[in-house]
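Residue-level structural notes
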Amino acid sequence: MKTIQRKVSSLMLAGLVSVSLSGCFEGELSSNDQDILADQPFAYVVRDYPEMGEVSSANERPPLDPRAPYAFEPGAQLMVRDRIALSSEERDVLTRYFGSSGYDVKDLDVSPDGERMVFAAHGPAGNAAHSSWNIYEYTFATGKVRRILADDDLANLGHDTNPAYTNEGTIIFSSSRQHARGDWRLLDLREYLEDFSEPASLLHSVKPDGSDLIQITFGAYHDIEPSTMNDGQIVFIRFGRIYETLEDCTTADIDDPDFNQQTNGNGFGQGNGSSFPSGLEEPKEWNEQDKCVLSLEGDTGERVFVEDVLSLYRITPSGGNVHRYFGSLNEEFSDASFIHYMDPIPLDDGNLLTVMRHVYNPIYGGDVVTINSQNFFAVGQPVADSVVGEAEESMTPGVVNFYPNQVSPSGWYSAVAPYGDGSGRLLASWSQCLTKQDAITDVCEGSSTVDNLSAPQYGIWMLDPNQNTRLPVVRSYKRALYTDVVIADENELARPYTGDKHNLNLEENTAVFSIRSIYDLDGADMAEQFDGGIETRRDPSLTRPDDRSERFIRVLGKREIPPELEQAILADETYNPNDGVRENLYLWPLLGTDNKRALYDVLSYSMVEPDGSAMVKVPADTSFTFEVVNKYGKRVNLIAEDNYNYNYLIQHPQSLLLENGQVLKCYGCHDPEIDIPHARTDVELASANPGAPGDAMPFPNANPQILAANWKDTMAEALVNSLGTLVSTGADTQRYEDYWSNPPDDSLAFQNTYAELDTPAPVNDPSCLTDWTPDCKATINYLEHIQPIWEVCRTNPNDGSVNSCQNCHRAAETKSCAAGGGSSGASNGLRLGRNNASWDPRFIESYVELFEADYYLRETSTGDWVEVDETNLATECPEGVDGDLTILPEPGICFTRRLMSARGAIASARFFSLFDNDPDDDAYEVETSETAAIRQSHKGMLTDAELRLIAEWLDSGAHMYNEPDKFEFPTP
């Protein structure tokens, strides 16, 4: 927020010739009632503005700070008037409801039909039924108030604030309850803002009758002040923090700062002198000394500067496609860093209206500003080079000064609402800048100083930016502060969120996710360095299918652990005794060695076309993520070859959710360090994929029967156009067919299906093996689907004998394949029994054995690998022991060797190399004297379907259970 474009025009106060002591302008302007008039009711919150006090720490927030959604400032009143007119009477709608005054209220929002208003309120101190912030609804026609969550116990389970109606009729609000984590009174699993020791306030959805309470955002943030755009998407503010360790702070630099006056004299508390700082025109950038003043002491005594980041995000009403919409994450800290948006309001043109104010300004006012989010990612970051203008533009004439202890001749604004009638008029809470000298109050002038500033007197005014007029609507008086204003106007442009629709003939309850190229990283062609670029990659005469490791998109359904189950496991005395004698397992019985809380279903596969494009069918209304895998079903981001340039292809970190029939288009992949919002579907980004050379043309040297409909279409789009259908399969089948060679090579085709398994298939319905529908999913649980692979009888292709893995790898339990060979005992160092482990019955023997480190290796200066004496690790491994073999081994670091890694299938090369010929994991396999013989004895023992299933399980976290309903507690 570094610049603001200002209109240099004078303000016409029609009929105003003087300002009386009271500061009440109505008498002089009553003849202008017609310019003010609107028949819609309107509502506002009025309060005495609280004392700012001395703020002595970056972690002490002042009153009315948007970063403090739970702060309780009793004494506010919610007022309603039947029409916008000077003569309309106001009525207090909450004092009777709560039975007394002393309540607090904020965050007003009006339904799209203009008939109801939702708001957050906190009952008076001592009111047991309304002891926390809750969401309430007011009906304008009847004047009735009701709480959305009627039950007192449920309502007061958390602080609920910042409500907003969606265009579908539900209510989005911010809450500390974090509903998806269960009843925190039993076991508090909520995310916390560490610096403030308070639970994160995250977005939830609920129907107006209080049903279907759902949490839709997650993380250690405050997600606050949501508003609904005309297209149905929700824009909101996300408050997070970043930290900078300071190296050169001295004792003299470290003070208890007063945010109204910078202690070293050159920070945000700028002295006025005889001139006026021009708001945001040239904010002072902070140096190390400035930051030291406001630094906090770190855990080890160092000084840490904490920077608050408030960016605008956007999300669908059901919680899909959450992404940063406007704002920077890497802006240089300056005086302007304390100036933030207050309750952004979507406008009809797609931009946003807000009041910007300095959160430490005791006047509690700022300026009315439009955010040009249609054409800017952030201040100074236009969406295209052709964009002109500014990202933020003042809607008021003159200059509003933002900083504490400043004179602002143009006054201050504390709340705003658009009329919404096409006139461009606004209702705004405004206070003239006043001075007081010898009991005489006057308006501020250029010679005024902060020494004789009088208390502001806010009132509600009609502001017409087009006519440069401002007329009073609600009388101003001393120490009155209006913090919310809304108009009960019907929004005829509001429509439910649907997203962009595809024109494919697909089943009901499906959607399409389209990627322009996985080789595109923020517009850069990542195939250029080693593989000749996308144009070489897509040319079948230059690049054969097996030259590409990136062969499929795998779609994973992503869900959270049910909170009741998570709490029950953590509270179970067998798993987590908390007695200081036996170790706690925490969530190991459910998650195994992986500590990620997300559980996964495999939903579908789609081929990655030679140019890196893909069109993927996904079930609608299902939270999903995706990853790129090779022909063996292994996620490719762990490939460790020196000339492999696609390690950015991690599992997509954000969950997506699409509506029925929706198509979501993505240009490529994104580096989180690049400070540009990436998932904005309304902005066309630069693409590294050149696409088709022309309309109705084939791709160079590719199958001429496949024609692109349009210039720049991707290969995936052209294939769908030519075939008339989407080449995408359910999770039951991983299928590849060569469409692009000229002519196509049928010998390259293959498929790998669950139907080929001799063990239970991980499908939720047996019919899914022959008829995959949007309701089908594959959910892999270790004991149900992986353990049987070790136990099934199979023919050894090397000698024709019948045996099982467990027959040879067991302790004293009965053979799983009675007629097979193998003797008992663990002489081979691996036991694959399904029994509880002898060393601790809370563990499953085979699972632990697969992930247990059984020896250690280090690389010598000559590049050889040697086994390390386990009893002498400190000497032989002076730089420590890493968990798994990594891409770039460092001298002096040793590595544990284990059959499997929860990092994923590629990192589990020691296991897979016994059975397949996948070159992608070669860098993880270290040859020893026994490796060749062991590999020879195991080749062909597991089928392609079994290996694919194991790879899917490892890549999704190697959980003990992905289906929580199958989890069973131990029998006492």
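Residues numbered from 1 in each chain as written. Predicted model: local features only at pLDDT ≥ 70, side-chain atom pairs only at ≥ 80, totals over all residues. Heavy atoms only, no water.

1. Some thoughts on the pattern of salt bridges
A complete count under the given rule lists 49 salt bridges for this structure. In this structure, aspartate 308 engages arginine 67 in a salt bridge whose closest nitrogen and oxygen atoms are separated by 2.1 Å. On the criterion of sequence distance, the pair formed by aspartate 308 in strand S17 (residues 303-315) and arginine 67 in the loop between strand S1 (42-48) and strand S2 (77-81) is long-range, its members being 241 residues apart. We classify aspartate 308 as buried; its relative accessible area is 12%. (Salt bridge = Lys/Arg side-chain N within 4 Å of Asp/Glu carboxyl O. Helix = DSSP H or I, 4+ residues; strand = E, 2+ residues; numbered from the N terminus. Buried < 20%, exposed > 50% of the residue type's maximum accessible area, 1.4 Å probe, protein only.)

2. Let's talk about the nonpolar core
By size, the foremost hydrophobic cluster in this structure holds 75 residues, and its most contacted members are Trp790, Met900, Phe911, Ile950 and Trp953. The contacts of tryptophan 790, once residues within four sequence positions are left out, are Tyr782, Ser804, Cys805, Gln806, Ser816, Leu832, Ser846, Leu850, Met900, Phe911, Leu942 and Ile950. Ile36, Val55, Val416 and Leu427 belong to the second largest nonpolar core, which has 55 residues in total. (Core = buried A, V, L, I, M, F, W, Y, C linked by side-chain atoms within 4.5 Å. Contact = heavy atoms within 4.5 Å.)

3. Some points on the state of the cysteines
All told, the structure shown has five disulfides when counted by the stated rule. Here cysteine 433 connects covalently by a disulfide to cysteine 444, the sulfurs 2.1 Å from one another. The S-S bond linking cysteine 433 to cysteine 444 shows a torsion near -70°; that makes this disulfide left-handed. Remark: cysteine 444 occurs in the loop between strand S28 (440-443) and strand S29 (459-464) and cysteine 433 occurs in the loop between strand S26 (426-431) and strand S27 (434-437); sequence separation between them is eleven residues. We classify cysteine 433 as buried; its relative accessible area is 0%. Exposure remark for cysteine 444: the relative accessible area of 8% places this residue in the buried category. Here cysteine 768 connects covalently by a disulfide to cysteine 776, the sulfurs 2.0 Å from one another. Measuring handedness by torsion sign, the sulfur bridge of cysteine 768 and cysteine 776 sits at about -85° and is left-handed. Counting only the cysteines that form disulfides, in the order they appear in the protein, gives the pairing 1-2, 3-4, 5-6, 7-8, 9-10. The closest cysteine sulfur to the non-disulfide-bonded cysteine 669 is located on cysteine 666, 6.8 Å from its own sulfur. With relative accessibility at 16%, the residue cysteine 669 sits in the buried group. (Disulfide = S-S within 2.5 Å.)

4. Quick notes on helix H11 (residues 782-791)
An α-helix turns once every 3.6 residues. As a result, residues three or four positions apart point the same way. When you tally the buried positions in H11, you get eight out of ten residues, the bulk of the element. Within the span of H11, buried status applies to Tyr782, His785, Ile786, Gln787, Pro788, Ile789, Trp790 and Glu791. Buried residues along H11 sit against strand S43 (794-795), helix H12 (805-808), helix H13 (845-851), helix H15 (909-912) and helix H17 (944-955).

5. Description of the confidence of the model for the protein
Caution applies to low-pLDDT regions: their predicted coordinates should not be interpreted in detail. Of the residues in the protein, 91% have a pLDDT of 70 or more, and the chain-wide mean is 87. Within the model, pLDDT remains below 50 along residues 1-31, and this stretch shows 92 contacts once partners closer than five positions in the same chain are excluded. Confidence over residues 260-280 falls short of pLDDT 50; this stretch has 69 contacts with residues more than four positions distant or in other chains. (pLDDT = per-residue confidence, 0-100.)

6. Observations concerning the sheet that holds strand S47 (residues 881-882)
Taken together, the four strands give an open sheet; going across it, the order is S46-S45-S48-S47, and neighbouring strands pair in mixed fashion. Each edge of the sheet is formed by a strand with only one pairing partner; in this case those strands are strand S46 (865-868) and S47. Taken together, the two bridges between S47 and strand S48 (residues 894-897) define a ladder with parallel strand orientation. Across the sheet, residue valine 881 finds its bridge partner in S48, namely cysteine 894. (Pairing = 2+ DSSP bridges.)

7. A few points about the packing of aromatic side chains
All told, the structure shown has 43 aromatic pairs when counted by the stated rule. When the centroid spacing of 5.3 Å and the interplanar angle of 90° are considered together, the rings of tyrosine 138 and phenylalanine 140 count as edge-to-face. Classification of tyrosine 138 by relative accessible area gives buried; the value is 0%. Within the aromatic cluster, the residues linked to one another by ring pairs are Trp588, Tyr782, Phe843, Tyr847, Phe851 and Trp953. For the cation-ring pair, arginine 479 lies above tyrosine 49, with the distance from its terminal atom to the ring centre recorded as 4.3 Å. Between the NZ or CZ atom of lysine 634 and the centre of the ring of tyrosine 632, over which it lies, the distance is 5.7 Å. (Phe/Tyr/Trp six-rings, centres within 6.5 Å; stacked < 30°, edge-to-face > 60°. Lys NZ or Arg CZ within 6 Å of the ring centre and 35° of its normal.)

8. Some words on the sheet that holds strand S36 (residues 599-607)
Strand order in this open sheet of four strands is S38-S35-S36-S40, and the pairing throughout is antiparallel. Looking at strand neighbours, the two that pair on one side only are strand S38 (624-629) and strand S40 (728-730), the edges of this open sheet. On average, each strand axis in the sheet is inclined to that of its neighbour by 30°, with strand direction left out of account. When strand S35 (residues 552-559) meets S38, the two strands line up antiparallel, connected through six bridges. (Axes fitted to C-alpha atoms, helices over the stretch in contact; angles between N-to-C directions.)

9. Concerning the pairing of strand S15 (residues 234-246)
In terms of strand pairing, strand S14 (residues 222-228) meets S15 through five bridges, oriented antiparallel. When the bridges of S15 are listed, serine 227 appears paired with valine 235. Hairpin remark: S14 followed by S15, antiparallel, with five residues in the connecting loop; positive phi at glycine 232, about 95°. As paired elements, S15 and S17 share 13 bridges and run antiparallel to each other. From the neighbouring strand, valine 235 faces S17, where its bridge partner is arginine 314.

10. Comments concerning the environment of aspartate 92
In this structure, aspartate 92 sits in strand S3 (residues 90-92). Along the backbone, aspartate 92 and serine 57 are 35 residues apart, and their C-alpha atoms lie at a distance of 37 Å.

11. Some details on the side chain of threonine 354
By the secondary structure assignment, threonine 354 is in strand S20 (residues 352-358). One polar contact links the side chain of threonine 354 to the main-chain carbonyl oxygen of methionine 342, over a distance of 2.9 Å. Residues within four places of threonine 354 in sequence aside, it is in contact with Tyr341, Met342, Asp343, Pro344, Asp367, Val368, Val369, Ile371 and Val416. (Polar contact = N/O pair within 3.5 Å; in protein donor to acceptor, adjacent residues only side chain to side chain.)

12. With respect to unusual backbone geometry
Residue asparagine 742 is joined to proline 743 through a cis peptide bond whose omega torsion reads 5°. Structurally, the position occupied by proline 743 is in the loop between strand S41 (733-736) and strand S42 (750-753). Backbone geometry at aspartate 343 places phi at a positive 50°, although glycine is not the residue there. With respect to the helices and strands, the residue aspartate 343 is situated in strand S19 (residues 339-346). The residue aspartate 621 is not glycine, and still its phi comes out positive at about 55°. Structurally, aspartate 621 can be placed in the loop between strand S37 (614-619) and S38. Relative accessible area serves as the criterion here: at 48%, aspartate 621 is assigned to the partly exposed category.

13. Focus on the pairing of S17
In terms of residue burial, S17 counts as a mostly covered element, since 13 of its 13 residues are buried. Side chains Arg303, Phe305, Glu307, Val309, Ser311, Tyr313 and Ile315 of S17 all project onto a buried face; the interleaved residues Val304, Val306, Asp308, Leu310, Leu312 and Arg314 project onto the opposite face, where all are buried too. Where strand S16 (residues 296-297) meets S17, two bridges bridge the pair, whose relative direction is antiparallel. Pairing of glutamate 297 across the sheet is with arginine 303, part of S17. Of the pairings in the sheet, the one linking S17 to strand S18 (residues 323-326) comprises three bridges and is antiparallel in character. If you follow leucine 312 over to S18, its bridge partner there is phenylalanine 326.

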